Amino acid sequence: MHVTMGPRLPTFARTVRSAIITLLCIFGSSFLSVEANPCAVVDEGDVNPVRDCLNRPTVPGKAFVIKKLFEVNKPGIIQIRKRNDKLYVSTGLTSTTSFAQVFECSESGDCKKWFDVDEALIEATGYGISFRNWMHGGLRGITFHDNFDENGIFYSAQMQIRPNDTSGLNYLSDVENPIDADSTVTEWVLDGRKISPSSHVELLRIGMPVYDHPVKQLQFHDGWLYICHGDGSVQSATAGGGQNINDALGKVLRIRPNPRGSSELYSTFGNPWHGEEGYLSELYAVGFRNPHHIAISSTGQVVVADAGRDNIEEINCVRPGGNYGWSFREGTFVHVLQTGTLFAGVDALPSDDEGRDLDYPCAQWGHEGPVGQQFNGHAGGGGFIVENDSPLGGIYPYFDFPERGTTFYSEYTEMLNAKTRISEFGGNTSGLTQATTYKAVLVDADLEIMSDEFRTFIGSQRIDMRMGQAEDGTLFMTSKTNGAVYKVLNSVPGYVEKKYFKFPFDCNGPVINSGTVEEFGTGGKIDPTEACKARCTEREDCVGFGITGYNCEFRSAAFCLGKRAGSRDFYVQVPEYTELDGDCYTEKFLESQEVSSLEECQGLCAGYTGCMGVSFGEGVCTMRSNSCEDPDVFASSTFFAKPGASIGEQTDVSTESPTVAPTTDAPTTVAPTTTAPTTIAPTTLAPTTLAPTQTPTAKALQNKGPKNNQ
């Protein structure tokens with residue numbers, strides 16, 4: 001909303017007003033029934049009119065279950081790409097090491113050097129990688145041609161030493177006083193198991209004014225090579241990069257490489273400014289500060305994580321021809337170019353912003369820190385869209401990459417539905433929306449560590465976090481600091497995420513360990529229940545956990561009978577039960593109790609040692625230890641068998657009676673049944689993950705899948 005306040009209010013009134021504004025910032029349209037940009041608030045009495053909105057809290061979200069696979073013997077990992085069954089791990093610069101190598105690794109950690117980019121460039125051109133600036137030099141990344149398996153073509157981006165004689169080089173743009181290194185993009189060919197330096201083809205070169213925000217990551221999709229390039233300006237402010245239409249600084253570029261031997265290296269036909277006078281034909285979108293990471297969906301949607309200056313980190317759903325506002329916009333705010341610093345460096349959008357035809361982020365989050373702070377260690381990096389059937393399917397992860405490694409995500413469909421162009425819907429800035437930012441909790445599957453910050457696992461103050469992805473959508477995480485590669489297990493297609501039932505009291509049972517989970521990170525802005533679920537899921541001996549605050553106590557069995565109260569909740573893993581056509585009528589039962597729902601009945605059996613199934617009917621839950629090996633079934637209740645339970649032949653004793661032969665001198669012996677018990681295979685239905693306060697209805701559970709030994 002756009003509000004102009006009157007004269008400066010007394011302190012108490014201003015505090016109340018700030019609280020109201022903050023609530024509007026947090027809940028937005030929940031209160032107003034209209035979509036609103038919650039931070040577009042102008043207050044002439046305040047030093048900064050948007051201060052109350054910059055620290056809008058994120059929402060506690062899902063757990064990312066990570067497992068350390070291996071460490072590359074060279075630190076400085078800048079990128080991971082998985083193709084077929086191999087991980088291609090690119091190494092770059094750190095403050096103490098200088099590498100420009102790509103390793104080919106198996107997930108078991110068998111790694112070998114695949115390609116040395118520096119050596120190949122020196123042999124091919126005489127000028128190798130520039131290692132002068134450890135933050136903005138070195139190898140920047142690689143990407144594979146869509147048909148790499150057939151043609152062997154891949155691409156690298158790097159900061160390369162600038163030759164003394166630049167004649168004949170394909171400069172996309174240059175500057176008046178360049179530094180001694182250029183951004184370059186190169187095509188290579190793998191021939192069999194060898195990458196020959198003679199296959200080197202330089203596609204383009206960009207001159208740099210300073211060592212700041214050079215070429216970034218590459219992505220190849222549907223015949224096009226996408227290239228992210230930073231604005232290359234001093235502290236990303238004084239030069240005002242991003243808006244010049246005749247240079248490559250602060251842009252997303254796109255080219256279509258031509259087959260080798262063609263008269264032109266590449267084509268730009270189909271780009272938004274192709275052939276327009278004054279524009280570089282290679283421009284795909286403009287107005288970026290430091291477009292650090294790029295992802296492209298299966299349908300071709302480009303998503304770019306653009307690192308902000310002092311206040312806002314942006315996730316942009318990029319369209320061809322879009323202008324994303326830098327350097328006069330930072331997120332959904334006016335960037336105060338001369339001032340900068342936290343809070344003071346941004347201002348509210350003007351009410352007439354529609355005429356500028358700008359594109360705003362589909363997700364964003366603000367920095368934390370004291371007013372006036374500058375370069376406070378926050379910078380946004382991006383992952384990849386997870387397009388598979390895993391528990392993390394449908395999200396786009398992103399993170400605060402330099403120091404903390406705080407991991408966030410948004411629902412991809414919500415990002416696409418965000419209203420990011422005022423010119424499309426008309427009106428004023430109040431119509432802008434962004435996807436919800438969720439804060440993830442990272443759970444180590446082996447070490448029992450849980451945190452909202454990746455640096456907890458790395459053990460370093462600065463980590464320079466990165467993400468990678470396999471072709472099936474599986475995510476990987478790494479850091480430039482220690483060379484460790486982690487796999488995000490619950491992003492793997494087919495990953496089984498256990499279902500839990502919540503009891504409003506603690507359950508008895510053997511304790512595996514306790515007190516291992518402490519408050520995560522700063523502020524506790526994550527969901528500890530999701531963290532504990534993820535950890536219990538990964539332990540084969542865990543059937544449930546009790547939770548108090550940020551402390552979990554994991555149990556290997558759970559006796560949850562009774563209606564006792566307590567301060568601790570208990571969550572028990574619940575398998576998929578098989579529903580039979582009647583009750584399993586047998587005296588071999590464990591316990592019987594009145595319950596309020598089928599879910600509670602199944603939850604009681606889930607953690608109870610020896611329970612193989614439950615009879616449920618008329619509010620009574622009976623837990624049985626021998627399932628239905630006896631043939632007598634069918635009563636007023638229904639039986640639900642655990643996976644692995646055995647069931648004999650079902651006979652309806654209410655309608656059938658055994659046939660007895662007429663009495664003779666010798667009695668007739670009725671032979672016992674010889675029906676072999678059938679083993680129920682575990683269900684393969686995708687489980688439903690329950691939020692801490694949600695349980696499915698009894699009807700929903702009863703309708704899951706076919707009956708009788710599915």
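As the structure is a prediction and not an experimental result, all values here were calculated from the model.

Attention now moves to the overall build of the protein chain. For the protein chain, the count of helices and strands is ten helices and 44 strands. Buried positions account for 55% of the 710 residues belonging to the protein chain. For the protein chain, long-range pairs separated by at least 24 residues make up 65% of all intrachain contacts whose partners lie at least 6 apart in sequence. A total of about 29100 Å² of accessible surface is found on the protein chain, and carbon and sulfur atoms cover 49% of it.

The next point concerns the sheet that holds strand β22 (residues 363–366). With respect to topology, four strands assemble into an open sheet ordered β17-β18-β19-β22, the strand pairing being antiparallel. Only two strands of the sheet have a single partner each, and these edge strands are β17 (291–296) and β22. On average, adjacent strands in this sheet sit at an angle of 10 degrees to one another, irrespective of strand direction. As defined by bridge partners, strand β18 (residues 302–306) adjoins strand β19 (residues 312–318) across five bridges and the pair is classed as antiparallel. Bridge pairing in β19 links valine 303 to cysteine 317.

Where burial is concerned, most of helix α8 (residues 528–538) is hidden: ten out of the eleven residues are buried. Taken together, the buried positions of α8 are occupied by Pro528, Thr529, Glu530, Ala531, Cys532, Lys533, Ala534, Arg535, Cys536 and Thr537.

With that settled, consider the pairing of strand β3 (residues 86–91). With respect to burial, β3 is a largely interior element, five of its six residues being buried. Where strand β2 (residues 77–83) and β3 come together, six bridges link them in antiparallel fashion. By the bridge assignment, isoleucine 77 is partnered in β3 with threonine 91. Examined bridge by bridge, β3 and strand β4 (residues 101–105) share four bridges and lie antiparallel to one another. By the bridge assignment for β4, tyrosine 88 is matched with glutamate 104.

Attention shifts here to the state of the cysteines. In this structure the tally under the stated criterion is seven disulfides. Linked covalently through their sulfurs, cysteine 507 and cysteine 560 form a disulfide whose S-S length is 2.0 Å. When the S-S torsion is 120 degrees, as for the bridge of cysteine 507 with cysteine 560, the disulfide is right-handed. On the criterion of sequence distance, the pair formed by cysteine 507 in the loop between β31 (499–503) and β32 (511–514) and cysteine 560 in the loop between β34 (551–555) and β35 (569–574) is long-range, its members being 53 residues apart. In terms of burial, cysteine 507 and cysteine 560 fall into one category: buried. Between the sulfur of cysteine 601 and that of cysteine 621 lies a disulfide, 2.1 Å long from S to S. The sign of the 75 degrees torsion about the S-S bond sets the cysteine 601-cysteine 621 disulfide as right-handed. Here cysteine 601 is found in helix α9 (residues 598–607), whereas its partner cysteine 621 is found in strand β39 (residues 620–624), with 20 residues between them in sequence.

This part takes up the sheet that holds β39. Strand order across the open sheet formed by five strands is β36-β41-β38-β39-β37, with antiparallel pairing between neighbours. A strand with exactly one partner marks an edge of an open sheet, and here the two such strands are β36 (578–579) and β37 (589–594). Strand direction decides the pairing type here: β37 and β39, joined by five bridges, are antiparallel. The partner of glutamate 594 across the bridge, within β39, is valine 620. Here α9 sits on the sheet and contacts β37, β38 (613–617), β39 and β41 (638–641); the angle it forms with β38, its principal contact strand, is near 155 degrees.

A few words on the packing of aromatic side chains. Under the counting rule described, the total for this entry stands at 28 aromatic pairs. Considering the side-chain rings of tyrosine 88 and phenylalanine 144, the 5.1 Å spacing of their centres and the 65 degrees angle between planes classify their relative orientation as edge-to-face. With tyrosine 88 in strand β3 and phenylalanine 144 in strand β6 (residues 139–144), this pair connects stretches of sequence that are 56 residues apart. Residues tyrosine 88 and phenylalanine 144 agree in their burial class; the two are buried. Taken together, the ring pairs in this structure connect Tyr88, Trp114, Phe115, Phe144, Phe148, Phe154 and Trp188 into an aromatic cluster. Geometry around tryptophan 224 places arginine 254 over its ring, the cationic atom sitting 3.8 Å from the centre. In this structure, arginine 289 packs its charged tip against the face of tryptophan 326, placed 5.8 Å from the ring centre.

Cis geometry is found at the peptide bond from tryptophan 326 to serine 327, where omega equals 20 degrees. Phi angles above zero are rare outside glycine, and histidine 213 is one such case at about 55 degrees. Mapping histidine 213 onto the fold places it in the loop between β11 (201–207) and β12 (215–221). A positive phi angle, close to 55 degrees, is found at aspartate 357, a residue other than glycine. Assignment of secondary structure puts aspartate 357 in the loop between β21 (346–347) and β22.

What follows concerns the pattern of salt bridges. Side-chain pairing between opposite charges can occur once the charged atoms of the two side chains come close. Taken as a whole, this structure holds 32 salt bridges when the rule is applied. Across the pair aspartate 180 and arginine 132 runs a salt bridge, and its minimum N-O distance is 2.8 Å. Linking aspartate 180 in the loop between β8 (171–173) and β9 (181–191) with arginine 132 in the loop between α3 (117–125) and β6, this pair joins segments that are 48 residues apart in sequence. Residue arginine 132 is classed as exposed on the basis of its relative accessible area of 61%.

To continue, consider the pairing of strand β1 (residues 59–71). Where β1 meets strand β26 (residues 438–444), six bridges bridge the pair, whose relative direction is parallel. Its bridge partner being in β26, valine 59 is matched across the sheet by tyrosine 438. As defined by bridge partners, β1 adjoins strand β30 (residues 484–488) across five bridges and the pair is classed as antiparallel. Bridging from a neighbouring strand, isoleucine 66 pairs with valine 488 of β30.

What follows deals with the side chain of threonine 341. Locating threonine 341 in the fold gives a position in the loop between β20 (334–335) and β21. Under the relative-accessibility criterion, threonine 341 is labelled buried at 15%. With residues near it in sequence (within four places) discarded, threonine 341 still touches Asp310, Asn311, Gly372, Gln373 and Gln374.

The next subject is the environment of valine 620. As for its position among the elements, valine 620 is in strand β39. Taking relative accessible area as the criterion, valine 620 reaches 31% and is therefore assigned partly exposed. Residues valine 620 and leucine 598 lie 22 residues apart in sequence; the distance between their C-alpha atoms is 9.2 Å. Dropping the residues within four chain positions of it, valine 620 is found in contact with Ser592, Gln593, Glu594 and Ser615.

Moving on: the environment of isoleucine 449. Its place among the elements puts isoleucine 449 in the loop between β26 and β27 (450–451). Residues isoleucine 449 and alanine 531 lie 82 residues apart in sequence; the distance between their C-alpha atoms is 9.7 Å.

So, on to the nonpolar core. In this structure, Phe64, Ile315, Tyr396, Phe454 and Met477 are the most contacted members of the largest nonpolar core, which totals 40 residues. Of the residues forming this core, the biggest block, four residues, is contributed by strand β24 (residues 395–400). With sequence-adjacent residues up to four places away left out, phenylalanine 64 is seen in contact with Leu392, Ile395, Pro397, Thr407, Tyr409, Ala440, Val441, Leu442, Val443, Met467, Val488 and Asn490.

How each quantity is defined
Residues numbered from 1 in each chain as written. Predicted model: local features only at pLDDT ≥ 70, side-chain atom pairs only at ≥ 80, totals over all residues. Heavy atoms only, no water. Helix = DSSP H or I, 4+ residues; strand = E, 2+ residues; numbered from the N terminus. Buried < 20%, exposed > 50% of the residue type's maximum accessible area, 1.4 Å probe, protein only. Contact = heavy atoms within 4.5 Å. Areas by Shrake-Rupley, 256 points an atom, 1.4 Å probe, with all protein chains shown as cover. Pairing = 2+ DSSP bridges. Axes fitted to C-alpha atoms, helices over the stretch in contact; angles between N-to-C directions. Disulfide = S-S within 2.5 Å. Phe/Tyr/Trp six-rings, centres within 6.5 Å; stacked < 30°, edge-to-face > 60°. Lys NZ or Arg CZ within 6 Å of the ring centre and 35° of its normal. Salt bridge = Lys/Arg side-chain N within 4 Å of Asp/Glu carboxyl O. Core = buried A, V, L, I, M, F, W, Y, C linked by side-chain atoms within 4.5 Å.

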